[in-house]
Each structure stands twice: as C-alpha cells, then as structure tokens.
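Observations on the three-dimensional arrangement
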Amino acid sequence: MSNPDGEPVLFAEHGSSWWPLLWGPLFAVLGAAVEALTGPVHWLAWFLIGGGLFGGALVWVSARRKVYLVRLTTETLTQGREHVAVEKLVAVTDVGAPAGARILGGGWSVPRRTTEVPVRLADGTVALAWARDYDGLVDALRRVVEAGAGHVE
C-alpha cells in the first residue's frame, strides 16, 4: 500500500468506511417495498428521501475520513489534517502523557474509541498521537523512530 506521494504506508486507519452510504438508499427501497404492499408507491418521494440520506451520509463519511485519518509513512505521521515529519519524533516508548499535552490532529481530546500514544518530539515536548489499533501504531512508530535514531540529535 502506498500514499499519494508514493511513500510506503507502514500503518493506516481510515476514519470511516464507505458502506454507510448505502443506508439511505436501502431505507428508501425498503420504504417503497412496504408502501407497495399497502397501496400506490410514491416513487419521487422515496427517490428524494434516498438521495437526501445518501447526501447526508456522504458528507459525514468524507468528513470522518479526513478528520480521523491516521497514516504513517517513512517520512510523515498524519493525524487527521496534521502532518508531522518522522524526523521530529524521537521517542515512543517510556514517554509519559503530561496533563495538557498537545493532541496531534487538533481537538480537545483524542477521538472517541481511540487510544492515546504519547510521543516525544525533537523539541522536547510530548504530544499525543492516537489510533484505534494502539499496538499497531506503537509498533510502527517504534520501528520508524529506531530506524531514524541516527539522524536525530
């Protein structure tokens, strides 16, 4: 798997899958089917309902895929819309999470159903990365940080 820049992706989580887009049209089909059993079907209404629900789901899914994206390449850690150069990461293990640590990707706290991963940055500060698969992200970050340890002072 590679990202748009052509770098190999070492870890990735998408904020959402695309299957929720089917909920609205399926609801409209089921509604039309039930209506067909009881009398005439209002096709235009069901088409508009299905299209409206599809449009709402499209906005929701695309926003989640941008805001809750986690991607680690050999060069960049992406958390939501924030990109951190891997060379700025100096430690992943034995890093405590101080109160008030900056959340990567913005926000007041790590996203729901994710686990925080404290990382020490080259400037000495600690920031909180996050992912649903805590162990997967920590392992990938550890490999990248250890591989680049000779480059960071």
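Structure first, text after, so check above.
Residues numbered from 1 in each chain as written. Predicted model: local features only at pLDDT ≥ 70, side-chain atom pairs only at ≥ 80, totals over all residues. Heavy atoms only, no water.

**Some details on the sheet that holds strand S8 (residues 126–131)**
- Read from one edge of the open sheet, 4 strands run S5-S7-S8-S6, paired in mixed fashion. Looking at the sheet topology across the chains shown, the edges are occupied by strand S5 (89–91) and strand S6 (102–103).
- Helix H3 (residues 134–147) rests against S5, strand S7 (115–121) and S8 of the sheet, and its axis sits at about 15 degrees to S7. (Pairing = 2+ DSSP bridges. Helix = DSSP H or I, 4+ residues; strand = E, 2+ residues; numbered from the N terminus. Contact = heavy atoms within 4.5 Å. Axes fitted to C-alpha atoms, helices over the stretch in contact; angles between N-to-C directions.)

**Some points on the pattern of salt bridges**
- The tally for this structure, following the rule as stated, stands at 2 salt bridges.
- Note that Glu82 and Arg102 form a salt bridge whose closest N and O atoms lie 2.5 Å from each other. Here the residue Glu82 occupies a position in strand S4 (residues 82–85), and Arg102 occupies one in strand S6, the gap between them amounting to 20 residues. (Salt bridge = Lys/Arg side-chain N within 4 Å of Asp/Glu carboxyl O.)

**Examining a nonpolar patch on the surface**
- A cluster of nonpolar side chains, Trp19, Leu22, Trp23, Leu26 and Trp60, forms an exposed patch at the surface whose accessible area comes to about 600 Å².
- Structurally, Trp23 is set in helix H1 (residues 23–38). (Patch = residues over 30% accessible without salt bridge, like charges linked within 9 Å, V, L, I, M, F, W, Y side chains within 5 Å. Areas by Shrake-Rupley, 256 points an atom, 1.4 Å probe, with all protein chains shown as cover.)

**Description of the layout of surface pockets**
- What the second largest pocket holds in volume is close to 190 Å³.
- Considering the residues around the second largest pocket, the lining is formed by Glu13, His14, Arg64, Tyr68, Pro111, Arg112, Arg113, Thr114, Trp130 and Arg132.
- Its residues placed into classes, the lining of the second largest pocket shows 3 nonpolar, 2 polar and 5 charged. (1 Å grid on protein atoms, 1.4 Å probe; cavity = no way out; pocket = protein on both sides within 12 Å on 5 of 7 lines; lining within 4 Å. Points joined across faces, edges and corners; volume = space filled by probe spheres on them. Nonpolar A, V, L, I, M, F, W, Y, C, P; charged D, E, K, R; others polar.)

**A short note on the nonpolar core**
- Core analysis: the largest hydrophobic core is formed by 26 residues, its most contacted members being Leu72, Leu77, Leu89, Val117, Val119, Leu137 and Leu141.
- Contributing elements (two or more residues each) for this core: strand S2 (70–73), S7, S8 and H3.
- Ranked by residue count, the leading element in this core is H3, at 6 residues.
- Those residues within four positions of Leu137 in sequence are excluded, and the remaining contacts are Phe11, Val70, Leu77, Val117, Ala129, Trp130 and Ala131. (Core = buried A, V, L, I, M, F, W, Y, C linked by side-chain atoms within 4.5 Å. Buried < 20%, exposed > 50% of the residue type's maximum accessible area, 1.4 Å probe, protein only.)

**Let's talk about the side chain of Thr78**
- The residue Thr78 is located in strand S3 (residues 76–79) in this model.
- Residue classification places Thr78 among the buried positions, given a relative accessible area of 5%.
- A polar atom in the side chain of Thr78 sits 3.0 Å from the side chain of His83.
- Among residues more than four places away in sequence, those in contact with Thr78 are Leu69, Val70, Arg71 and His83. (Polar contact = N/O pair within 3.5 Å; in protein donor to acceptor, adjacent residues only side chain to side chain.)

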